[in-house]
Amino acid sequence: MDIFNARIGWTSFIIWFLHVLVCECVPLLDSGQIHSPQCPQLYPVNLQKQWEISVPDGFQINLTFTHVDIKSSITVLHDEKVLGKFCGNENSADGRHPGYQPILSPGSRLTLKIQLSDYNPDRNQNVGFSAQYQAIDIDECSAPEPEDGSGPLCSQICLNTLGSYLCACHHGYELRSDERTCILSCVGGVFDELEGHLMSPGYPNPSPDALSCQYIISVESGFTVSLNFSDKFHIESVDTEEGPNCLYHWLEVIIPDRNPMKLCGGTSPGLINTNSNIVKLGYNIDNQGQSNGWSLEYSTHRVTCPVPGEVAKGRVTPSLTEYFYRDYIFVRCDEGYKLMMNGAEIMGFSTMCQSNGEWHLPLPECHIIDCGEPDPLLNGGVNFLSGFQNQYLSVVQYHCNEPFYSPYGGNNVSLTCEADRQWRSNHDVILRPACLPVCGRPMKQIENHFQRIIGGNDAAEHTIPWQALINVGSSRGGGMIIADRWILTAAHVVVLNGQVQTPEALFVYLGVTDVHQIIENLSLNVTAVHVHSEYNNPNNLNFDHDIALIKLKDPITFQAAIMPLCLPSEDDTYDTGMMGMVSGFGITDKGNQRRFLTNKLKYVHVPVVEQKKCSISLKGKPSSRTPRLTNNMFCAGTPEGGKDSCNGDSGSGFTLQSENGRFWAAGIVSWGLGCGQKGTYGFYTKVANYVDWINKIMREN
Ligand code: ARG
């Protein structure tokens, strides 16, 4: 019977047209009524009738009799199976009556049959039946599994719908074309965890036909993916002349920048280290053959960088056997070495293992440090004792230009180039090397002790190297070198007519033993003239404090012809009879009568005279022409005369020799009554009284 032909599941609002044929097949809706003909009138006799109720597939029929008054029976059938057979009257106790209990058809069809007996006028109340029916949705999902062994209706999720059901799959699975079963979804999966598990759809069951699966493992850069295939591996391969070939089924492993590889066969590839953070897998199955599939665990490892190697004269830390992505290494140089990179020094060095497996910076180099040229030493020099080019641990030694200079502290200083790039002495006390002038030690000694200025002898070169010649206007004086910029002289040499001469008015010559030499020798520049503040000699009768200092503009470099005289020390004394030496370019005698300014530097030795004798020698002399004797003076000479300094020698030195042979400045030629006369002496400024003044002037200027 062609009853109903609608497909279920079109829309949520489908009007079900239900047709029920009563013999002649009267169409009915999803609910309705059926009743015996002419009901509630008497039904015709000998009626044999059949009703077919049909609702759409996926629905059941719920049938309820509302009235039954039939002598014979009503049979309710579903596909030949009798669901119930009724007769009688609902109000009578006898017979079989369905009551108001609904009858539920197992399917979408129901058949009602009545077989009425002969007409019986007594029982004209037997008026037939009426019933109502409804289409009821079947919950297919809760139906028991079919017994044919085809498995559950839906392999994962069953959704009941009006008149039907739908199968659905869990996340990560997709519904196969049978719309019942689910398989592992195999397209578009991106695996970004650091480890994971992949397998062919349905694994360990054979892979379905016609697959084209793609899996992407993409972890952060700096990590590499390793694939570890499980032993149970099978992808159909085709035997060709060249051997097995992944012709129709394959698993392709695609690693960037490398040739893709196709895997198939029955042997697990085992472990594949891809050395890449991105791996694509493509699983291809055509619609024939069988592959039992594959499964793999993937894991990741941090990218490694090459072991950095060694740095000569340096240390790479930490020292490991393997270095991974994001590891740092540091380089430090040994003591005395510095970090160099691209030709420039760097203060520190570190480099990181990058995600590409390379160090972000190449290793630096360690170069030996150097201390630079050692500072030059004035009046001295420096020798290399060991080492090379002022490099670390080189040793230099300072020396002074002997015999004119000697090292401060007495010893030559050695310095080592230390790790801090400083030249350092290896003593605890760091000595800055310095060279001090050697005073009072001429290169040549005067041998004859009995020569004189008056009637004196020419001084050989280098015997009186401290001697200065000072010309002021037309007058001549002398002086003595006491330091590299200082000339000690008499005040009356630089004060003329009560006026201190300007520096420009002074012409100072050193290293000269013959006045003729000064023609070629330019005079030295003078910057200042310091006269003792208490010197006051308007009438040439007061030579007290007859002392002055001349400061030179440029320091003198001492040598054999020019050397300083020592200043008096604490131990130096003026002992009567002590033989001193006085020198100068002053008046000399030739024969007994004729006296003239000498061109040659002369000297004479005269003894120190007891101060009382000096005083006595002046007694009885006309006071208008006799200067006053003070304790800032001493006199020297012999009672018989003949040996003396004289005019033009003023300012020159009267020297004594200390025990160690050093010449020291004992006196300054100052004044006398005549020159070399019997019973008179030469008078000298007593330098020992002025050491403090001298040092103060030199220190402060
Ligand atoms: N006042 C003299 C001069 O200006 C020095 C005299 C030294 N006389 C002597 N008898 N020592 O050069």
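This section reports on the structure supplied with the text. (Residues numbered from 1 in each chain as written. Predicted model: local features only at pLDDT ≥ 70, side-chain atom pairs only at ≥ 80, totals over all residues. Heavy atoms only, no water.)

1. Thoughts on the environment of Leu673
We count it as follows: The secondary structure listing takes helices from DSSP runs of H or I that are at least 4 residues long and strands from runs of E that are at least 2 residues long, numbered from the N terminus. Accessibility here uses a 1.4 Å probe with only protein chains present; expressed as a share of the type maximum, an area under 20% marks a residue as buried, one over 50% as exposed, and anything in between as partly exposed. Any two residues having at least one pair of non-hydrogen atoms within 4.5 Å are treated as being in contact.
With respect to the helices and strands, Leu673 occurs in the loop between β53 (663-672) and β54 (682-686). A relative accessible area of 17% means that Leu673 is categorised as buried. A C-alpha to C-alpha distance of 7.5 Å links Leu673 and Thr626, two positions 47 residues apart in sequence. Ignoring any residue separated from it by four or fewer positions in sequence, one finds Leu673 in contact with Leu618, Lys621, Arg625, Thr626, Pro627 and Thr680.

2. Points about the sheet that holds strand β45 (residues 526-531)
Selection rule: Two strands qualify as a pair provided DSSP detects at least 2 bridges between them. To get an axis, a line is fitted to the C-alpha atoms, and for a helix only the part in contact is used. The angle between two axes follows their N-to-C directions and goes from 0 to 180 degrees.
Within the open sheet, the 6 strands sit side by side as β44-β39-β40-β41-β46-β45. Their pairing is antiparallel. At either margin of the open sheet sits one strand with a lone partner, and together these are β44 (506-510) and β45. Between one strand axis and the next, the sheet turns through 30° on average, direction left out of account. Contacts from helix α3 (residues 691-700) reach β40 (475-483), β41 (486-489), β45 and β46 (548-552) within the one sheet, and its direction differs from that of β46 by about 25°.

3. Looking at the sheet that holds strand β15 (residues 211-218)
Two orientations exist for strands paired in a sheet by backbone hydrogen bonds: parallel and antiparallel. The strand order β13-β15-β22-β19-β20 describes an open sheet built from 5 strands, whose pairing is mixed. Edge positions in the open sheet fall to β13 (189-191) and β20 (261-263), since each of these has one partner strand only. Between one strand and the next, the sheet's axes are offset by a mean angle of 20°, whatever the strand orientation. As paired elements, strand β19 (residues 249-254) and β20 share 3 bridges and run antiparallel to each other. Within β20, the position partnered with Val253 by the bridge is Met261.

4. So, the site of the ligand
Put simply, the rule is: Any residue with at least one heavy atom within 4 Å of a molecule or strand is counted as near it. Any N or O atom pair separated by 3.5 Å or less is treated as a polar contact, with the protein-specific requirement of one donor-capable and one acceptor-capable atom, and with residues adjacent in sequence counted only for side-chain atom pairs. Using the Shrake-Rupley algorithm and a 1.4 Å probe, accessible areas are obtained, with residue cover drawn only from the displayed protein chains. We call Asp, Glu, Lys and Arg charged. Ala, Val, Leu, Ile, Met, Phe, Trp, Tyr, Cys and Pro are nonpolar, and the rest, Gly among them, are polar.
Among the 15 residues in the neighbourhood of the ligand, the closest are listed as Asp644, Ser645, Gly648, Ser650 and Gly674. In the environment of the ligand, a nitrogen atom lies 2.8 Å from a nitrogen or oxygen atom belonging to the side chain of Ser645. Surface burial for the ligand is 88%, taken as the share of its 350 Å² of free accessible area covered by protein chains. Among the elements that take part in the shell around the ligand, β53 stands out by supplying 4 residues, more than any other. A breakdown of the residues in the shell around the ligand according to their chemical character gives 4 nonpolar, 9 polar and 2 charged.

5. Focus on the state of the cysteines
This is how the line gets drawn: Throughout, disulfides are identified as pairs of cysteine sulfur atoms within 2.5 Å of each other.
All told, the structure shown has 10 disulfides when counted by the stated rule. The disulfide bridge from Cys246 ends at Cys264, spanning 2.1 Å between sulfur atoms. One disulfide, between Cys246 and Cys264, carries an S-S torsion of -85° and so falls in the left-handed class. With Cys246 in the loop between β18 (243-245) and β19 and Cys264 in the loop between β20 and β21 (271-273), this pair connects stretches of sequence that are 18 residues apart.

6. With respect to the packing of aromatic side chains
What counts is decided by this rule: For this analysis, a ring pair means two rings from Phe, Tyr or Trp (six-membered ring only for Trp) whose centres lie within 6.5 Å, classed as stacked if their planes differ by under 30 degrees, edge-to-face if by over 60, and tilted for the remaining angles.
Here the structure, examined in full by the defined rule, presents 17 aromatic pairs. Judged by centre distance (5.3 Å) and plane angle (40°), the rings of Trp466 and Phe663 are tilted. With a gap of 197 residues between them, Trp466 in the loop between β38 (457-458) and β39 (467-472) and Phe663 in strand β53 connect regions that are remote in the sequence. Residue classification places Phe663 among the buried residues on the basis of a relative accessible area of 9%.

7. Let's talk about α3
In an α-helix, one turn spans 3.6 residues, which is why side chains three or four residues apart end up on the same side. Note the threshold: Throughout, the arc means the angular range of directions from the helix axis out to the C-beta atoms.
Along α3, the residues classified as buried are Val691, Trp693, Ile694, Ile697 and Met698. Down the axis of α3, the sector holding all buried residues measures 165°, keeping them to one side. Counted as exposed and oriented over 90 degrees from the buried face of α3: Asp692, Arg699 and Glu700. Against β40, β41, β45 and β46 lie the buried residues of α3.

8. Focus on the side chain of His492
On the secondary structure map, His492 appears in helix α1 (residues 491-494). On the basis of relative accessibility, which here comes to 17%, the residue His492 falls in the buried class. A polar contact of 2.6 Å, which involves the side chain of His492, links it to the side chain of Asp546. Separated by 2.7 Å, the side chains of His492 and Ser650 make a polar contact. Ignoring any residue separated from it by four or fewer positions in sequence, one finds His492 in contact with Tyr535, Phe543, Asp546, Ser650, Val669 and Ser670.

9. Re helix α2 (residues 611-618)
Among the residues of α2, Cys614, Ser617 and Leu618 are the ones counted as buried. Buried residues of α2 fall within an arc of 95° about the axis and therefore sit on the same side. Of the surrounding secondary structure, the elements contacted by the buried residues of α2 are β50 (602-609), β51 (633-636), β53 and β54. One or two positions beyond α2, positive phi appears at Gly620, with a value near 80°.

10. Notes on the pairing of strand β52 (residues 653-657)
Two faces make up the sheet, and in a regular strand the side chains alternate between them. With 4 of 5 residues buried, β52 is to be regarded as a mostly interior element. Pairing of strand β47 (residues 579-584) with β52, which is carried by 2 bridges, proceeds in the antiparallel orientation. Bridged to Met581 within β52 is Thr655. Examined bridge by bridge, β52 and β53 share 5 bridges and lie antiparallel to one another. Following the sheet pairing, Phe654 is matched in β53 by Gly667. The turn joining β52 and β53, which pair antiparallel and follow one another in sequence, is formed by 5 residues; a positive phi near 90° is taken by Gly661.

11. Regarding the side chain of Ser108
Within the fold, Ser108 resides in the loop between β6 (103-104) and β7 (109-115). Judged by its relative accessible area of 10%, Ser108 falls in the buried class. When neighbours within four sequence positions are excluded, Ser108 is seen to be in contact with Ile53, Ser54, Val55, Pro56, Asp57, Phe59, Ile61 and His78.

12. Brief notes about the pattern of salt bridges
Opposite charge on two side chains makes pairing possible when the charged atoms of those side chains draw close. We apply this condition: Whenever a carboxyl oxygen of Asp or Glu lies within 4 Å of a side-chain nitrogen of Lys or Arg, that contact is scored as a salt bridge.
Tallied over the entire structure, the rule returns 9 salt bridges. Put simply, Asp458 and Lys602 hold a salt bridge, and the shortest N to O gap is 2.7 Å. With Asp458 in strand β38 and Lys602 in strand β50, this pair connects stretches of sequence that are 144 residues apart. Since its relative accessible area comes to 12%, Lys602 is described here as buried. In this structure, Lys696 and Glu700 form a salt bridge, with 3.4 Å as the shortest nitrogen-oxygen distance. You can see Lys696 and its partner Glu700 sitting in helix α3, 4 residues apart, about one turn around the helix.

The values are spatial; any link to function lies outside them.
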